[in-house]
Amino acid sequence: MYRPIDRSLQMNTPAVYYSCTTEMVNGREQKVYNRVGMFKGHYKEKGGSEQVINGIKVISKQITFTCWYDPQIKQSGRFDIYGSIYEITNAENVEMRNRYMICELEKIEAGA
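Residues numbered from 1 in each chain as written. Predicted model: local features only at pLDDT ≥ 70, side-chain atom pairs only at ≥ 80, totals over all residues. Heavy atoms only, no water.

> Break down the pattern of salt bridges for me, with residues and values.
Tallying each qualifying case throughout the model produces 4 salt bridges. For Glu50, the salt bridge identified is with Lys57, shortest N-O distance 3.5 Å. Accessibility expressed as a relative area gives 55% for Glu50, which makes it exposed. Since its relative accessible area comes to 39%, Lys57 is described here as partly exposed. (Salt bridge = Lys/Arg side-chain N within 4 Å of Asp/Glu carboxyl O. Buried < 20%, exposed > 50% of the residue type's maximum accessible area, 1.4 Å probe, protein only.)

> Account for the pairing of strand S2 (residues 28-53), with residues named and values stated.
As paired strands, strand S1 (residues 13-25) and S2 are joined by 13 bridges and run antiparallel to one another. For Thr21, the partnering residue across the bridge sits in S2 and is Val32. Between S1 and S2, which follow one another and run antiparallel, lie 2 residues, and Asn26 among them has a positive phi close to 55°. With 12 bridges connecting them, S2 and strand S3 (residues 56-68) associate as antiparallel partners. Across the sheet, Ser49 pairs through a bridge with Ser60, a residue of S3. Connecting S2 to the antiparallel partner S3 that follows it, the hairpin turn spans 2 residues, and Asn54 within it adopts a positive phi of roughly 55°. (Pairing = 2+ DSSP bridges. Helix = DSSP H or I, 4+ residues; strand = E, 2+ residues; numbered from the N terminus.)

Everything listed here is a matter of geometry and, on its own, says nothing about what the molecule does.
Below you can see the structure in the form of structure tokens.
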């Protein structure tokens, strides 16, 4: 059976989950993010990359967030971890047992 973390690491990082819905505004679909609730999990950075696109420095960070399974968490949502917004790129129900969930998150920042 899958064990996501060893005993020395705990799921104690708080994260607020926002679900995504769409609504029509002036004939165009707009994404609206609604707060669903707070989840606790294990936060681990995988790495990042820097690129210069059209003269603007773009920084991308990849994160893995392991938490208890909740069917409300979908791939189109967002997590707010310590004031930073991360988009969910992949949400995996480990071994389809509805016990653990591994979410791959990405944060994209742009600056001058």
